[in-house]
Amino acid sequence: EYKSCKEIRLIKNTQVDGEYTLKINNRKVKIYCAGMESDSPKEYITLIKGEADNFSEVFGYRLKNPYECPFNGSRKQDCVCKNDYLAAGLTVFGKIRLDIISMQIKTTDLLFARTILGRAVPFATAGDCYSAAKCPQGQFSINLSGTDFQVSDATKWMAQGNYATLNVHKSQDGTKVYGRCGGYCGKCIPNSAFGLQVQVQER
């Protein structure tokens, strides 16, 4: 019964990165151990649903008239706007870093993430500089289905920035979260007091 990747490395005397079984809160869970050749390997959750369902985006378009919300807030490339927001980006995630002591996801750990557009955006984060009306366009998606974890009820999102609005929906079992966030300019991030807290799935 191993409690950390470091323990596996020492006791099993292995330096191979990969999926292992750890015991967290007396439950067996699958964890990916990375950096096993180093003295401080780190724990990751492999996102079974993959990059399509685990992404963070800061939308790059800005309305010429920021007090509108055209097309009822739905996204169209032919808006009267400029695509010049410097913070824009889209990052997709294959694995996320878990701090097994605090049970928080380290949202800025991008070891198993790919930024496919613009700047890197942390996990569970979205934003834009599109509109000062409640018209968020940036999106994030979290899907922990198939893993041994779910987002804890303690995790709440908060808005940051000017005219920031957030619209976050969590599935009943806590495995999926979808958010649309933005402002002029604004974003949403997991509340800094708790961070992105996860727990072992209740079965």
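Basis of the calculations
Residues numbered from 1 in each chain as written. Predicted model: local features only at pLDDT ≥ 70, side-chain atom pairs only at ≥ 80, totals over all residues. Heavy atoms only, no water. Helix = DSSP H or I, 4+ residues; strand = E, 2+ residues; numbered from the N terminus. Rg over C-alpha atoms; globule rule 2.2 N^0.38 Å. Buried < 20%, exposed > 50% of the residue type's maximum accessible area, 1.4 Å probe, protein only. Contact = heavy atoms within 4.5 Å. Domains from an automatic or database assignment. Buried area = accessible area lost by both parts, 1.4 Å probe.

Trainee: Tell me about the overall build of the protein, and please be specific about residues and values.
Mentor: Of regular secondary structure, the protein possesses one helix and 18 strands. Expected size for 203 residues packed as a compact globule is a radius of gyration near 17 Å; at 19 Å, the protein falls within 12% of this value. Once the C-alpha set of the protein is aligned to its principal axes, its extents read approximately 60 × 30 × 25 Å. Taken across its 203 residues, the protein has 50% of its residues classed as buried. Within the protein, residue pairs in contact and separated by at least 24 positions form 66% of the contacts whose partners lie at least 6 positions apart.

Trainee: Any chance you could break down unusual backbone geometry for me, citing the residues and the numbers?
Mentor: Omega for the peptide link from tyrosine 184 to cysteine 185 comes to 0°, which places this bond in the cis form. Counting through the fold element by element, cysteine 185 comes out in the loop between β16 (176–182) and β17 (186–190). Its identity is not glycine, yet asparagine 25 carries a phi of approximately 50°, on the positive side. Structurally, asparagine 25 is set in the loop between β1 (18–24) and β2 (27–34). Phi is positive for tyrosine 163, which is not a glycine, with a value near 50°. Of note, tyrosine 163 is situated in the loop between β14 (157–161) and β15 (165–170).

Trainee: Tell me about the domain arrangement of the protein, residues and numbers included.
Mentor: Partitioning the protein into domains gives domain 1 (1–46) and domain 2 (48–92 + 107–200). Each of domain 1 and domain 2 has a C-alpha centre, and these two points are 30 Å apart. At the interface, 11 residues of domain 1 touch eight residues of domain 2. For the pair domain 1 and domain 2, the summed buried area comes to about 900 Å², and 69% of that belongs to carbon and sulfur atoms.

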